[in-house]
Amino acid sequence: MKKIITLLLVCCMTTCALFGCGSAGTNEADVADENTVETDINEENVSENAELPLIKVGFVCWGYSDLLSNQYKNYFDYLAENMNLEITYATAYSSEEHIETTENLISKGVDVILDYDCYDKMMQLCEAKGVYLAQYTLDISSPELKQQLETYSHWLGYSVCDDYETGCRLAELMYEQGCRNIATIAIAPGSSAADQRWNGVVDTVAKYEDMNIIAEYRNDDTGEFGAAVQNMISIYSDFDGIILMGGSDGASDSVLQALEIENKIGEIKLATVDIEETSREDVERGALHVIAGGQYPDPVMLFIPVYNAVTGSPMTDGPFTLYGKNLFLETEEDFENYAKYIEGDVFPYTFDELKEYLRVYNPDATFEDFAEFYAKYDIEEVVQRHAGMVE
């Protein structure tokens, strides 16, 4: 039977719902500093396209200072220019802030709210005022909440990344990299994304007779990850790999700093989730070996069936679930294509490509066809689809 040797502690502090799902680097104090309740509409958020009906959208994120949240905003600004959207960007972190933000957005007259963390109280507020609500990028926090949300007529559904499969793939790729005695690191249990990735890693490692998890560490204080790694290095002489369930909030920096201090860069290989500004450099210098990310189109893709429902042409008979995915990067070529085709001047899905699934343009558009279209998302698919479009 395979053994998992647990290294010391699990600290149960307040868990950030988006850790390891691509969110980057905000804590509760940061969010408060960024104006927790709302960000006013500005001219960039208002479309002049009168071909479509004006839809007022409330978009809620943890902040707008990190890479991922900026990608969300830039993509929605692009959508607004083409779809006659008026977008109010808001911020929220705690459950109380999400509820307060919902009240404020409703008072501003929005037609629909997209939030990354939804609660029953939010849905009650929306239902009472005829405002639609949908959740992006994360699974609903519990089966009970999911069941409750589905009782409301103005609950549209949610999108979710393939976090369990992401964990499985991280473990597979680390095995291919030659790692046999690895450590798993994540924030404390409670984050759907981190927990599912963790489970995927554990289940996949169990399939290999010659691969073991020799140490585990979970703590909401990502600044402590480095000290944990140093402790692991001092205990395990055969330690050769780390799978970090999310690199945001300084997690990757903390781990990499520890590897540098211990002169283990390249010797102990690192895999993580969340593509950040230094990720390509870390791959090139041999410090980072596998990274998953590139899920920033998810809220925009969610908005396509949301828009159809809000404008009176729903694609499903009830709440829907839209599945997205992370992209995996291992080589410099991967990063070159990623920078050019995913984060370049042309978004992964242009408005002309999305129009086919808007029922105001195509009454025959189906949710099944759209979900199948989105399920094909990967770097090679975007490269092929945008051949000749990207310079």
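That block above? That's the structure.
Definitions and cut-offs
Residues numbered from 1 in each chain as written. Predicted model: local features only at pLDDT ≥ 70, side-chain atom pairs only at ≥ 80, totals over all residues. Heavy atoms only, no water. Helix = DSSP H or I, 4+ residues; strand = E, 2+ residues; numbered from the N terminus. Buried < 20%, exposed > 50% of the residue type's maximum accessible area, 1.4 Å probe, protein only. Contact = heavy atoms within 4.5 Å. Areas by Shrake-Rupley, 256 points an atom, 1.4 Å probe, with all protein chains shown as cover. Salt bridge = Lys/Arg side-chain N within 4 Å of Asp/Glu carboxyl O. Axes fitted to C-alpha atoms, helices over the stretch in contact; angles between N-to-C directions. Nonpolar A, V, L, I, M, F, W, Y, C, P; charged D, E, K, R; others polar. Phe/Tyr/Trp six-rings, centres within 6.5 Å; stacked < 30°, edge-to-face > 60°.

Engineer: In this structure, what is going on with the overall build of the chain? I would like to understand it.
Structural biologist: Scanning the chain for helices and strands turns up 15 helices and 13 strands. Burial statistics for the chain: of 391 residues in total, 55% are counted as buried. The long-range share in the chain, meaning contacts at least 24 apart out of those at least 6 apart in sequence, stands at 77%. Within the structure as shown, the chain displays about 15,900 Å² of accessible surface, and the carbon and sulfur contribution to it stands at 45%.

Engineer: Just checking my understanding: could you explain the pattern of salt bridges for this structure?
Structural biologist: Oppositely charged side chains can pair when the atoms bearing their charge come close. In the structure shown here, the tally under the stated rule is 14 salt bridges. For Arg-218, the salt bridge goes to Asp-195, with nearest N and O atoms at 2.7 Å. Residue Arg-218 is found in strand E8 (residues 212-219), and its partner Asp-195 is found in helix H7 (residues 192-205); the two are separated by 23 residues along the sequence. In this structure, a network of salt bridges that share partners links the residues Arg-169, Glu-172 and Glu-176.

Engineer: Which parts of the structure should I look at to understand the packing of helix H2 (residues 67-83) against helix H11 (residues 298-310)?
Structural biologist: The description of two helices packed together rests on the angle between their axes and the distance between the axes. At a minimum axis separation of 10 Å, H2 and H11 run at an interaxial angle of 35°. Residues Tyr-72, Tyr-75, Phe-76, Leu-79 and Met-83 of H2 pack against Pro-299, Val-300, Phe-303 and Tyr-307 of H11. Looking at the contact of H2 with H11, its residues break down into nine nonpolar, no polar and no charged.

Engineer: Looking at this structure, how should I read the packing of aromatic side chains?
Structural biologist: What characterises a pair of aromatic rings is the spacing of the ring centres plus the angle enclosed by the ring planes. Tallying each qualifying case throughout the model produces 25 aromatic pairs. Where Phe-59 meets Phe-76, the ring centres are 5.0 Å apart and the plane angle is 45°; that geometry is what we call tilted. Of the two residues, Phe-59 is situated in strand E2 (residues 55-61) and Phe-76 in helix H2; the sequence distance between them amounts to 17 residues. For Phe-59, a relative accessible area of 0% translates into the label buried. According to the relative accessible area criterion, Phe-76 is buried, its value standing at 0%. Ring geometry for Tyr-75 against Tyr-296: centres 5.8 Å apart, planes inclined by 50°, an arrangement best described as tilted. Of the two residues, Tyr-75 is situated in helix H2 and Tyr-296 in the loop between strand E11 (290-293) and H11; the sequence distance between them amounts to 221 residues.

Engineer: Is there a simple way to think about the environment of Glu-277 in this case?
Structural biologist: Along the chain, Glu-277 turns up in the loop between strand E10 (269-273) and helix H10 (279-284). Linking Glu-277 and Asp-66, residues 211 residues apart in sequence, is a C-alpha distance of 9.7 Å.

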